[in-house]
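# Summary of structural features
Listed below, chain by chain, are the residues.
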Amino acid sequence: MENIADELNQKEDHSKDIAEKAVKNPQLISILLNLISSDVARMKFRSIKVLNIVSGKNPEILYPHVDFFIELLDNGNKVIMWNTMDILANLSAVDSQEKMEDIFEKFYGFLSDESMITAGHVVDNSWKIARAKPEFQRKITDNLLKLENIPRDQECRSILLGKAILSFDKYFDEIQDKEEVISMVKRQLDSPRNATKVKAERFLKKYAHVLNVA
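Residues numbered from 1 in each chain as written. Predicted model: local features only at pLDDT ≥ 70, side-chain atom pairs only at ≥ 80, totals over all residues. Heavy atoms only, no water.

### A short note on the pattern of salt bridges
- Under the definition given, this model contains 13 salt bridges.
- The residue aspartate 113 makes a salt bridge to lysine 78 at a minimum N-O spacing of 3.4 Å. Pair noted here: aspartate 113 is in the loop between helix H8 (99-109) and helix H9 (116-132) and lysine 78 is in helix H7 (residues 78-91), with a separation of 35 residues, a long-range link.
- Across the pair glutamate 105 and lysine 139 runs a salt bridge whose closest N-O atoms are separated by 3.5 Å. (Salt bridge = Lys/Arg side-chain N within 4 Å of Asp/Glu carboxyl O. Helix = DSSP H or I, 4+ residues; strand = E, 2+ residues; numbered from the N terminus.)

### Re empty space enclosed by the protein
- Within the structure shown, the criterion is met by one cavity of 30 Å³ or more.
- There is about 50 Å³ of room inside the largest cavity.
- Around the largest cavity, the lining residues are Tyr63, Val66, Leu88, Leu91, Ser92, Asp95, Lys99, Met100 and Ile103.
- Counting residues per element, the lining of the largest cavity draws most heavily on H8, which supplies three residues.
- Looking at the lining of the largest cavity, its residues break down into six nonpolar, one polar and two charged. (1 Å grid on protein atoms, 1.4 Å probe; cavity = no way out; pocket = protein on both sides within 12 Å on 5 of 7 lines; lining within 4 Å. Points joined across faces, edges and corners; volume = space filled by probe spheres on them. Nonpolar A, V, L, I, M, F, W, Y, C, P; charged D, E, K, R; others polar.)

### A few points about the nonpolar core
- Grouped together as the largest cluster of nonpolar side chains are 66 residues, with contacts concentrated most on Leu51, Phe69, Ile140, Leu147, Phe168 and Phe203.
- Looking at this core, the element that brings in the most residues is H7, giving eight residues.
- Beyond its immediate stretch of four places on either side in the chain, isoleucine 140 contacts Phe104, Tyr108, Ser126, Ile129, Ala130 and Tyr171. (Core = buried A, V, L, I, M, F, W, Y, C linked by side-chain atoms within 4.5 Å. Buried < 20%, exposed > 50% of the residue type's maximum accessible area, 1.4 Å probe, protein only. Contact = heavy atoms within 4.5 Å.)

### Observations concerning helix H12 (residues 178-187)
- Along H12, the residues that are buried comprise Lys178, Val181, Ile182, Met184 and Val185. Down the axis of H12, the buried set is contained in an arc of 160°. They therefore lie on one face. (Arc of directions from axis to C-beta.)

### Concerning the environment of arginine 131
- Among the structural elements, arginine 131 can be located in helix H9.
- Accessibility expressed as a relative area gives 44% for arginine 131, which makes it partly exposed.
- The spatial distance from the C-alpha of arginine 131 to the C-alpha of lysine 170 is 8.4 Å, given a sequence separation of 39 residues.
- Other than its neighbours up to four places away in sequence, arginine 131 contacts Gln137, Lys170, Tyr171 and Glu174.

### Examining unusual backbone geometry
- Positive phi values are uncommon outside glycine, yet glutamate 98 reaches one of about 55°.
- With respect to the helices and strands, the residue glutamate 98 is situated in the loop between H7 and H8.

### Topic: the side chain of arginine 152
- Within the fold, arginine 152 resides in the loop between helix H10 (137-145) and helix H11 (154-171).
- As a buried residue without a salt bridge, arginine 152 has its nearest oppositely charged side chain in aspartate 113, at a separation of 6.0 Å.
- Looking at arginine 152, its side chain comes within polar contact range of the main-chain oxygen of leucine 111, at 3.0 Å.
- The residues contacting arginine 152, other than those within four sequence positions of it, are Leu111, Ser112, Asp113, Glu114, Ser115, Met116, Ala119, Arg157 and Leu160. (Lys, Arg positive; Asp, Glu negative; His and termini not counted. Polar contact = N/O pair within 3.5 Å; in protein donor to acceptor, adjacent residues only side chain to side chain.)

### Structural notes on the packing of aromatic side chains
- Summed over the entire model, instances satisfying the criterion amount to eight aromatic pairs.
- Aromatic side chains phenylalanine 168 and tyrosine 171 sit 6.1 Å apart centroid to centroid with 50° between the ring planes, which places their arrangement in the tilted category. Of the two residues, phenylalanine 168 and tyrosine 171 both sit in helix H11, three residues apart, roughly one turn of that helix. Accessibility assignment for this pair places phenylalanine 168 and tyrosine 171 in one class, buried.
- One aromatic cluster is present, formed by Phe104, Phe107, Tyr108 and Phe136 through successive ring pairs.
- Above the ring of tryptophan 127, the side-chain terminus of lysine 170 is found at 4.9 Å from the ring centroid.
- When the ring centre of phenylalanine 172 is taken as reference, the NZ or CZ atom of lysine 178 above it lies at 5.5 Å. (Phe/Tyr/Trp six-rings, centres within 6.5 Å; stacked < 30°, edge-to-face > 60°. Lys NZ or Arg CZ within 6 Å of the ring centre and 35° of its normal.)

By themselves, these observations are geometric and do not establish any function.
What follows is the structure in structure tokens.
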């Protein structure tokens with residue numbers, strides 16, 4: 001077996017190649033999980049990055065380790081936590097043990113995290129969970145709609161609302177109360193952030209034929 005630790009520690013990033021090897025050789029998964037606690041920053045961060053890539057394409061391979069990733073949500077390192085949030089969202093597609101139900105409140109509690117990047121990972125991943133877990137769609141939608149009122153500076157709030165629009169777009173056809181979402185998106189036409197305004201315009205144009213929204 002190749003020395004994955006050495007490969008991870010190379011200056012050039014081979015994360016995608018290592019992810020492909022891990023899919024073919026599950027023994028490498030255990031090594032990668034252990035290396036997350038490495039004292040070598042490059043190996044630590046590359047390991048979680050590789051696992052993130054694997055979770056996006058082959059979530060069933062990582063699902064046996066779902067409890068390990070749930071514990072990582074409390075990791076003090078933000079980069080590890082952000083990747084873990086992505087991984088757990090990807091694992092929701094194969095969540096036979098209904099672990100997402102256990103961590104739902106905690107996961108969406110990160111919307112109020114002082115780090116906008118942390119909150120952003122919740123928003124960016126929401127569509128994945130909504131599509132994998134239809135029973136949570138109403139709660140997910142409600143949480144994203146509340147972004148308008150979560151205390152943050154205007155710029156950060158506008159960025160998160162722009163992300164919410166993109167997430168809504170990924171599962172809009174399945175949303176029951178579309179009018180609430182449309183109303184929120186309409187309000188972003190007056191967003192001080194041009195990128196968010198553009199996202200709102202595109203969203204409303206895309207779904208105008210559905211709800212007769214100009």
